[in-house]
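Topology and contacts: notes
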Amino acid sequence: MRLFRNFTILSTILTYILIFIGGMVRVAGAGMGCPDWPKCFGRWIPPTSLEQLPDHIDPAKFNIVLAWIEYGNRLFGALVGLSIAITLYLGLKHCSHLPRIKWPMVAAFFLTLFEGWLGSVLVKTVLNPFTITLHLFFALIIVMLLVFVAQETYYISNIDAEKNSHYPPKMKFLFALMAISLLTEVVLGTEIRGGLEMIRKDNPIVESQFLLDMLGPFKYAHTILGILITILSVLIWFSLVKSSINPSQLMVQSSTLIIALILIQIVTGEMLVFLKFMPIIQLFHLWIASWILGLISVQYVAWQRSVIING
Amino acid sequence: MAKIFSYALATIILLGIGASWIIDKAKNSHDIPHLKSVPDFSMINQEGESFSQDNLQGKITILDFMFTSCMGPCPLMTTNMSKLHKVFLNEPEVQFVSITVDPEVDNQKKLKEYSNLVGGNDGRWHFLWSDIDSIKNLKRNGFMLFADNLPEGHAIKFVLIDHEGTIRKYYDGTDNSSQEILKRDVAQLVKGLRT
């Protein structure tokens, strides 16, 4: 049981790191580093020199740095898949009587398999932008499911958690609205990026500022939804921290952290515009968004637990 | 809790530094090699004007070998070349050269018709003609491509040539992901030329 608990945490952390690595592959432009899947240039270990390249592959495609970046992503992806598979096995062994743990874990596992398959589609379609967004979207869903499972598992051995806390009862709608807004915001954000790339594909020489002007509507939508999310997060903070009786430490910390992270997102978002889409900021802008989604999950599970045990 | 927080922060900073390093490495990995100079040659384009190695100077050139009646990989190569021609329509530095490997059939009139057909009649896409021996020689010794069994046995490579007439890189002219790499390399050379 203890092993299962540790594995839920391990899988969550590894998945977060995988989201980071995936984002890095994207901003480094290494997505086609291996032109085939699951092998890389027809080999299980990518070539380290041109001589090792099979004859039927165009040598112009070979870039050793990009190949190893993409290969690292695949290796780590396989590791995460293994970790999630073990977590599922342990979960079914210890908690198959608890539907709140069993089903999210089963869903996370199958979505992970689906993600691997989407990865192969990405390579086949030479990075179709819609598929890239889908690939990220399901990664976010998986990480939210894992956070959910990890927290529920934590509660099994901490039965008193949230016992003395009383939160406003009608919050479900607010949580759903927040999660949907955040996911939409991420998709809009990737559309900005994907849009930039599509325009760049047909006009490889134009400047970023010009590109941004062309993307006007998407950028407005991203900003406006961002403002809405900020308001929502403050509203949720007030409900869960100020209008509650004895809110748990976890609840106060996660709610406050969400506000802090949203402020960081506003700053990094603006920095992107001024610093011409500096890759490392793009990467963190996306990664922090995935943290916020995980924290919403934490809030929701804690709130629900309090509502369930306190009637 | 404070301990976990500082561990997390340290991990995040380390990940950030690592990622910056890797992204930087990826960015600098796009160096395009200098292979060799294109030797002297002299041919005639579809307008009847002469075209030689001097016409490569100051331009970024994408070059291939083809023939108009080819049913093999050429239609796909020409489609890809057409796409590149459209992509770089507003970049006066970029030009396209297609050398026929079937000079018996592809006379100037044929090449002119063909250039109209594929939209290459704006003066930036040159369809070149010469006698078969000069073509073989240029292809084999100038571009290091096989030229034994022309016209059918022509190479499917696109050749990238820089503003000094140096061959920089070869690309599979029939493959989609190779086209994306070619586009990126052309953009890099054009930007280098402008700064």
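Residues numbered from 1 in each chain as written. Chains lettered and ligands numbered in written order. Predicted model: local features only at pLDDT ≥ 70, side-chain atom pairs only at ≥ 80, totals over all residues.

Right, let's talk about the overall build of chain A for a bit. Per the secondary structure count, chain A includes nine helices and zero strands. Reading chain A from its N end, one meets helices and strands in the order α-α-α-α-α-α-α-α-α. Relative to its length of 311 residues, chain A is compact, with a C-alpha radius of gyration of 21 Å against a globular reference of 19 Å. Across its three principal axes, chain A shows a C-alpha extent of roughly 65 × 50 × 20 Å. Within the span of chain A, comprising 311 residues, buried residues form 38% of the whole. For chain A, long-range pairs separated by at least 24 residues make up 76% of all intrachain contacts whose partners lie at least 6 apart in sequence. (Helix = DSSP H or I, 4+ residues; strand = E, 2+ residues; numbered from the N terminus. Rg over C-alpha atoms; globule rule 2.2 N^0.38 Å. Buried ≥ 20, exposed ≤ 12 C-beta atoms within 10 Å, placed from the backbone. Contact = placed C-beta atoms within 7 Å.)

Our focus in this paragraph is the packing of helix α9 (residues 279-309) of chain A against helix α1 (residues 2-27) of chain B. Between α9 of chain A and α1 of chain B, whose axes approach to 10 Å, the crossing angle comes to 135°. In terms of orientation, α9 of chain A lies oblique with respect to α1 of chain B. Helix-helix and strand crossings are classified by hand; for α9 of chain A and α1 of chain B the assignment is right-handed. Across the interface between the two elements, P279, I280, L283 and F284 of chain A of α9 of chain A pack against G16, A19, S20 and I23 of chain B of α1 of chain B. Of the residues that constitute the contact of α9 of chain A with α1 of chain B, the class distribution is six nonpolar, two polar and no charged. (Axes fitted to C-alpha atoms, helices over the stretch in contact; angles between N-to-C directions. Parallel < 35°, antiparallel > 145°, perpendicular 65-115°, else oblique. Left-handed = near helix turned anticlockwise from the far one by under 90°. Nonpolar A, V, L, I, M, F, W, Y, C, P; charged D, E, K, R; others polar.)

Mapped onto the secondary structure, Y154 of chain A falls in helix α4 (residues 129-157). Residue Y154 of chain A is classed as partly exposed on the basis of its C-beta count, with 15 C-beta atoms lying within 10 Å.

In this section: the interface of chain A and chain B. Chain A puts 23 residues into the contact, and the matching count from chain B is 27 residues. Put simply, the parts of the chain that give the side of chain A that touches chain B at least two residues each are α1 (2-27), α2 (64-95) and α9 of chain A. Per-element accounting of the side of chain A that touches chain B gives the leading share, four residues, to α9 of chain A. When the residues that make up the side of chain A that touches chain B are grouped by side-chain class, the tally is 18 nonpolar, two polar and three charged.

Next up on the list: the pairing of strand β5 (residues 94-100) of chain B. All names here are of chain B. Across the seven residues that make up β5, a large majority, seven, are buried. For strand β4 (residues 60-66) and β5, the ladder comprises seven bridges, and the chain directions are parallel. Bridge pairing in β5 links M66 to T100. Between the parallel elements β4 and β5, the chain passes through helix α2 (residues 74-87) in a crossover that is right-handed. Bridge count for β5 against strand β6 (residues 125-128) is four bridges, and the pairing is parallel. Paired with V97 across the bridge in β6 is H126. Handedness of the crossover joining β5 and β6 through helix α3 (residues 108-117) is recorded here as right-handed. (Pairing = 2+ DSSP bridges. Right-handed = clockwise from strand over helix to strand, strands pointing away.)

This part is about the nonpolar core. Counting 69 residues, the largest nonpolar core has M24, A28 and V143 of chain A as its most contacted members. Excluding anything up to four places from it in sequence, V143 of chain A contacts T12, T15, Y16, I19, S290 and G294 of chain A. (Core = buried A, V, L, I, M, F, W, Y, C linked by C-beta atoms within 7 Å.)

This part takes up the domain arrangement of chain A. A common way to state how big an interface is: give the accessible area lost once the parts meet. Residues and elements named next belong to chain A. For chain A, the assigned domains read domain 1 (1-158) and domain 2 (168-311). The straight-line distance from the C-alpha centre of domain 1 to that of domain 2 is 23 Å. Each partner contributes to the interface: domain 1 provides 20 residues, whereas domain 2 provides 19 residues. Looking at the side of domain 1 that touches domain 2, the elements with two or more residues in it are α1 and α4. With 13 residues, the top contributor of residues to the side of domain 1 that touches domain 2 is α4. Residues belonging to the side of domain 1 that touches domain 2 are distributed by class as follows: 16 nonpolar, three polar and one charged. (Domains from an automatic or database assignment.)

Take helix α7 (residues 216-242) of chain A next. Side chains three or four residues apart in an α-helix point the same way, a direct result of the helix having 3.6 residues per turn. With 27 residues, α7 of chain A should cover 39 Å at 1.5 Å per step; its first-to-last C-alpha distance of 38 Å lies within 8% of that length. Those residues of α7 of chain A that fall on the buried side of the exposure criterion are I229, S233, I236 and L240 of chain A. (Expected span 1.5 Å × (residues − 1).)

Turning next to the environment of M171 of chain A. With respect to the helices, strands and loops of the structure, M171 of chain A is situated in the loop between α4 and α5 (172-202). C-alpha of M171 of chain A to C-alpha of Y300 of chain A: the two residues are 129 residues apart in sequence and 8.8 Å apart in space.

On to the confidence of the model for chain B, then. On average, residues of chain B score 89 in pLDDT, and 100% of them are at 70 or above. As scored by the predictor, the complex reaches a pTM of 0.83 and an ipTM of 0.88. (pLDDT = per-residue confidence, 0-100.)

Residue and element names in this part refer to chain A. At a minimum axis distance of 9 Å, the contact between helix α8 (residues 249-274) and α9 shows a crossing angle of 160°. Between α8 and α9, the angle falls in the class roughly antiparallel. Relative to α9, α8 is oriented so that their crossing is left-handed.

All right, on to the domain arrangement of chain B then. Along its sequence, chain B is carved into domain 1 (1-30) and domain 2 (36-194). Its C-alpha centre places domain 1 of chain B at a distance of 45 Å from the equivalent point of domain 2 of chain B.

All names here are of chain B. Burial runs high along strand β8 (residues 166-172): five of the seven residues are buried. For strand β1 (residues 36-37) and β8, the ladder comprises two bridges, and the chain directions are antiparallel. The residue bridging S37 from the neighbouring strand is T166, located in β8. Pairing geometry for strand β7 (residues 157-161) and β8, over five bridges, is antiparallel. Within the sheet, the bridge partner assigned to V159 lies in β8 and is Y170. Where β7 folds back onto β8 in an antiparallel hairpin, the turn is made up of four residues, including G165, whose phi is positive at roughly 75°.

Between its terminal C-alpha atoms α1 of chain A stretches 38 Å, which fits the 38 Å expected from 26 residues at 1.5 Å a residue. Phi turns positive one or two residues past the end of α1 of chain A, at G29 of chain A, with a value near 65°.

Here I224 of chain A shows up in helix α7. Considering only alpha carbons, one finds I224 of chain A and E185 of chain A, 39 residues apart in sequence, at a separation of 9.6 Å.

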